[in-house]
Amino acid sequence: MFNDNGSFLLALFEFFLFFAWFMCLFWVFGDIFRSSDLGGGGKTGWVIFVILVPWLGVLVYLIARGGGMQQRQLEQARAMHAAQAEYIQSVAKSSSTSATDQIASAKSLLDSGAITQSEFDALKAKALA
């Protein structure tokens, strides 16, 4: 397949360029769809340009809009972090009933006959633990 070392190195370099272009393509597409300052028509135009003329499209996009790529990525990361923190707080609030509330709930179940005294004692021990 390879006649000499030069052809192997050339094939390796071509593979590297292809892989690098593919990574840039994913970053550009991700940035196009992440961008909130572009409308639907602008996003469509950039996608068509990048698909029809791949190398030139990626290079032109990086020159024209590359400066804001990091800022848009950081904004998305901050938004995801804030949403995650809000979700964790909402879950922690709803599941963090106090021990007295748990014991009172178990007592009402005991009084209604839904649980036995031994089950009440187990729930009480679990709430106090």
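Keep in mind the model is a prediction, meaning the values are calculated, not measured.

**Q** Which residues make up the side chain of R65, and what are the values?
**A** Positionally, R65 belongs in helix α3 (residues 54-65). The exposure class assigned to R65 is buried, which follows from its relative accessible area of 14%. Excluding its chain neighbours within four sequence positions, the residues that come into contact with R65 are S35, D37, L38, W46 and R72.

**Q** Any details on a nonpolar patch on the surface? Residues and values, ideally.
**A** Judged by side-chain polarity, I48, I51, L52, V53, L56 and V60 come together as a nonpolar surface patch covering roughly 540 Å² of accessible area. Within the residue set of the nonpolar patch, elements represented by two or more residues are α2 (40-52) and α3. A per-element tally of the nonpolar patch places α2 first, with three residues. Tracing the backbone through its elements, the reader meets V53 in the loop between α2 and α3. Look at V53 and you get partly exposed, because its relative accessible area is 35%.

**Q** Residue-level account of the packing of aromatic side chains, with values.
**A** Taken as a whole and judged by the stated rule, the model has eight aromatic pairs. Here a set of aromatic residues connected by ring pairs shows up, and it is made of F18, W21, F22, F26 and W55.

**Q** Help me get a handle on the confidence of the model for the protein, residues and values and all.
**A** Scored by pLDDT, the protein comes out at a mean of 86, with 94% of its residues at no less than 70. α2 holds the highest mean pLDDT among the elements of the protein, 92, whereas helix α4 (residues 69-95) holds the lowest, 85.

**Q** Run through the nonpolar core, naming residues and quoting values.
**A** In this structure, W21, L25, V28, F29, I32, L38, W46, V47, V50, V58, Y61 and M69 together form the largest nonpolar core, which totals 12 residues. For this core, the secondary structure elements donating two or more residues are α1 (5-34), α2 and α3. Per-element tally for this core: the top contributor is α1, with five residues. Setting aside residues up to four positions removed in sequence, I32 forms contacts with K43, W46, V47 and Y61.

**Q** Tell me about the packing of α2 against α3, residues and numbers included.
**A** Packed helices, taken two at a time, are described by the angle their axes make and the gap between the axes. Put simply, α2 and α3 touch, their axes get as near as 5 Å, and they point 140° apart. Taken together, the axes of α2 and α3 lie oblique to each other. In contact with W46, F49, V50, I51 and L52 of α2, α3 contributes P54, L56, G57, V58, V60, Y61, A64 and R65. Tallied by class, the residues present in the contact of α2 with α3 amount to 11 nonpolar, one polar and one charged.

Reading the values: rules and limits
- Residues numbered from 1 in each chain as written.
- Predicted model: local features only at pLDDT ≥ 70, side-chain atom pairs only at ≥ 80, totals over all residues.
- Heavy atoms only, no water.
- Helix = DSSP H or I, 4+ residues; strand = E, 2+ residues; numbered from the N terminus.
- Buried < 20%, exposed > 50% of the residue type's maximum accessible area, 1.4 Å probe, protein only.
- Contact = heavy atoms within 4.5 Å.
- Patch = residues over 30% accessible without salt bridge, like charges linked within 9 Å, V, L, I, M, F, W, Y side chains within 5 Å.
- Areas by Shrake-Rupley, 256 points an atom, 1.4 Å probe, with all protein chains shown as cover.
- Salt bridge = Lys/Arg side-chain N within 4 Å of Asp/Glu carboxyl O.
- Phe/Tyr/Trp six-rings, centres within 6.5 Å; stacked < 30°, edge-to-face > 60°.
- pLDDT = per-residue confidence, 0-100.
- Core = buried A, V, L, I, M, F, W, Y, C linked by side-chain atoms within 4.5 Å.
- Axes fitted to C-alpha atoms, helices over the stretch in contact; angles between N-to-C directions.
- Parallel < 35°, antiparallel > 145°, perpendicular 65-115°, else oblique.
- Nonpolar A, V, L, I, M, F, W, Y, C, P; charged D, E, K, R; others polar.

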